[in-house]
Amino acid sequence: MLITGQKDSPFSFKLSQEQSLIESTVREISEKEFAPKAAQIDREHRFPRENWDILVQLGLVGLPFPEEYGGAGLDHICYAIAVEELAIACATTAVMYSAHVSLCATPIHLFGSKEQKERLLKPLCTGQKMGAFALSEPGSGSDSAAATCTATLKGNEFILNGVKNWITNGAQADYYLVIAQSNPILKHKGLIAIIVEKDSPGFSFGKLEDKLGIKGSSTCQIIFENTPVPKENMLGNIGDGFKVAMVTLDGGRIGIGAQAVGIAQGAWNHALSYARQREAFGHRVCDFEAIRLMFADMQTEIDAARLLTYHASLVQDKGLQFTKEAATAKLYASEVAMRSTVKCVQIFGGYGYVTDYPAERYMRDAKITEIYEGTSEIQRLVIANQLLKGN
Ligand code: CAA
């Protein structure tokens, strides 16, 4: 969207044919199917399973994974575009999708053996299974290494005990990538990453969270009480869990950046339609300079945020470390989403404050992008650590 460059430049920002096709396909389906229901999903706190089914039918749930595992083999800019387009229409649908792709399927693709990819990644790519990620706990969010959920090796199984918090797709997923502690003395070097299946014995759900925004998204605690999980479901080795979590979050943060761009753009689009038809003092609201400047400021920031998410995706696709780029994109895009959606509410005036119009929903949805998958404070820490490495 909106990015055009010199036609034959090797460093053109023009979207490729595939990227443009993803943009138009996801936009079309989002406008037709997801946007009209977004307010109702929010009001009823209803998980839109039918939206997932449409994403599966379109072949989007395996978008960045190789075709041999049932994926579409597309790049991560395509993925960022898909998340943004979903979020323009419905932020709940965007996070359902990004948690599945970034937080569950991606680590299996990156750290799984061939056998694990055949067994676990394939059904995620084809949409037979939905994925989730379980890192945070009631007593540890930003400090991931402090996880206390235990994984005790007994024969060929790990026995899991503990509680995980804030699980996106929580009550709806089939596979959960769980980070658990195999040996507390080793701190982060004792953590493992293991795939737990929904119907495992001793696996249950806590309460569904009643959230400020993304209300249709299923967020709940998951509880393990002597839950046996086959050792063959562990990604990598004992002690790899922290690295798996951090690398997973690097990718996830691009998804949240793209979600934030979409929320900001969606609110902007609605605010413009409103400002074009609403009149005050004998003029359309969009003709007042104060309002025009707001639109210009917002779109400038949204475009910059979009470029940061594309840039992070590009670095990811080149196979380079993209920790800093992902954190930068998420930090900037989420703060832009918050600033823009507050301005959009202001443009709607009183109508921005009531649920008859979508502005307040975008503002509520924007807030979480500054919190999940690492707060803005954590993103600043990650960026500073990367910039000052070795100093
Ligand atoms: N890639 C690879 N390795 C990494 C890494 C990365 N991005 N970041 C750290 N590591 C490695 C380090 O190299 C180091 O390795 P060694 O021990 O071999 O030297 C090890 O991990 C420990 O690194 P740190 O000392 O930097 O770790 P730390 O304990 O100080 O924590 C942190 C760093 C950045 C604060 C990290 O804990 C973090 O990102 N916290 C935020 C967690 C987060 O985003 N939580 C959200 C959960 S998901 C969610 O929101 C729910 C949902 O469903 C959407």
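Treat the numbers as computed from the prediction; the structure is a model and nothing was measured. (Residues numbered from 1 in each chain as written. Predicted model: local features only at pLDDT ≥ 70, side-chain atom pairs only at ≥ 80, totals over all residues. Heavy atoms only, no water.)

Novice: I'm lost on the packing of helix α4 (residues 91–111) against helix α6 (residues 241–277) in this one. Help?
Specialist: Two packed helices can be described by the angle between their axes and the distance between those axes. Viewed as axis vectors pointing N to C, α4 and α6 meet at an angle of 155 degrees, and their least axial separation amounts to 9 Å. Comparing the axis directions of α4 and α6 gives the class roughly antiparallel. Judged by the twist between their axes, the crossing of α4 over α6 is right-handed. Between α4 and α6, the contacting residues are A91, A94, V95, S98, S102, L103, P107, L110 and F111 on the first element and K243, V244, V247, T248, L249, G251, G252, I256, Q259 and I263 on the second. (Axes fitted to C-alpha atoms, helices over the stretch in contact; angles between N-to-C directions. Helix = DSSP H or I, 4+ residues; strand = E, 2+ residues; numbered from the N terminus. Parallel < 35°, antiparallel > 145°, perpendicular 65-115°, else oblique. Left-handed = near helix turned anticlockwise from the far one by under 90°. Contact = heavy atoms within 4.5 Å.)

Novice: Hey, could you run me through the site of the ligand in this one?
Specialist: Every one of the 23 residues lining the ligand counts as a neighbour, but S142, T168, H188, E373 and G374 are closest to it. Between G374 and the ligand, the recorded distance is 2.9 Å, taken from a backbone N or O atom to an oxygen atom. Isolated, the ligand exposes 1,100 Å² of accessible area, and the fraction of that covered by the protein chains is 69%. Put simply, the parts of the chain that give the shell around the ligand at least two residues each are β3 (157–168), α6 and α10 (376–387). Element by element, the count of residues in the shell around the ligand is highest for α6, at six residues. Tallied by class, residues from the shell around the ligand come to eleven nonpolar, eight polar and four charged. (Near = heavy atom within 4 Å. Polar contact = N/O pair within 3.5 Å; in protein donor to acceptor, adjacent residues only side chain to side chain. Areas by Shrake-Rupley, 256 points an atom, 1.4 Å probe, with all protein chains shown as cover. Nonpolar A, V, L, I, M, F, W, Y, C, P; charged D, E, K, R; others polar.)

Novice: Whenever I open this one, the nonpolar core confuses me. Can you help?
Specialist: Most often, soluble globular proteins keep nonpolar side chains buried together rather than apart. Membership of the largest hydrophobic core comes to 89 residues, with the highest contact counts inside it found for I22, F34, L63, Y97, I108, F133 and F295. Top contributing element to this core by residue count: α6, with 15 residues. In this structure I108 touches Q116, K117, L120, L121, L124, I195 and L235, once residues within four positions along its chain are discounted. (Core = buried A, V, L, I, M, F, W, Y, C linked by side-chain atoms within 4.5 Å. Buried < 20%, exposed > 50% of the residue type's maximum accessible area, 1.4 Å probe, protein only.)

Novice: For this particular structure, what's the right way to read the side chain of H76?
Specialist: Positionally, H76 belongs in helix α3 (residues 76–89). With near-sequence residues (within four places) excluded, H76 lies in contact with P64, S313, Q316 and D317.

Novice: I keep staring at the domain arrangement of the protein and nothing clicks. Help me out?
Specialist: Accessible area lost upon the coming together of the parts serves often as the stated size of an interface. By the assigned domains, the protein splits into domain 1 (14–125), domain 2 (131–240) and domain 3 (243–387). Measuring from the centre of the C-alpha atoms in domain 1 to the corresponding centre in domain 3 gives 19 Å. Facing 24 residues of domain 1, the contacting portion of domain 3 comprises 29 residues. Buried area between domain 1 and domain 3, summed over both chains or domains, comes out near 2,100 Å², and the portion from carbon and sulfur atoms is 64%. Of the charged contacts in the structure, one is a salt bridge between R306 and E84, with a shortest N-O distance of 2.9 Å. On inspection of domain 1 and its partner domain 3, the count reaches six residue pairs in polar contact (both at pLDDT 80 or more). (Domains from an automatic or database assignment. Buried area = accessible area lost by both parts, 1.4 Å probe. Salt bridge = Lys/Arg side-chain N within 4 Å of Asp/Glu carboxyl O.)

Novice: What is the right way to read α10 from this model?
Specialist: A turn of α-helix holds 3.6 residues, and therefore any two residues three or four places apart point the same way. Taking 1.5 Å as the rise per residue, α10 with twelve residues should run 16 Å; its terminal C-alpha atoms sit 16 Å apart, in good agreement. When α10 is considered as a whole, its buried residues turn out to be S376, I378, Q379, V382 and I383. What you see down the axis of α10 is that its buried residues fit within an arc of 160 degrees, all on one side. (Expected span 1.5 Å × (residues − 1). Arc of directions from axis to C-beta.)

Novice: Would you mind showing me how to read the packing of helix α8 (residues 323–348) against helix α9 (residues 359–367) here?
Specialist: In contact at an axis separation of 9 Å, α8 and α9 are set at 165 degrees when each is read in the N-to-C sense. Looking at the two axes, α8 sits roughly antiparallel to α9. In the packing of α8 onto α9, the handedness of the crossing is left-handed. Packed against α8, whose contacting residues are A337, M338, T341, V342, C344, V345 and F348, the element α9 presents A359, E360, Y362, M363, A366 and K367 at the interface.

Novice: Would you mind going over the pattern of salt bridges with me for this structure?
Specialist: When charged atoms on two side chains of opposite charge get close, those side chains can pair. Taken as a whole and assessed by the stated rule, the structure comprises 22 salt bridges. In this structure, the salt-bridge partner of E44 is R46, at a minimum N-O distance of 3.9 Å. For R46, a relative accessible area of 26% puts it in the partly exposed group. With a shortest N-O distance of 3.0 Å, D303 and R306 are connected by a salt bridge.

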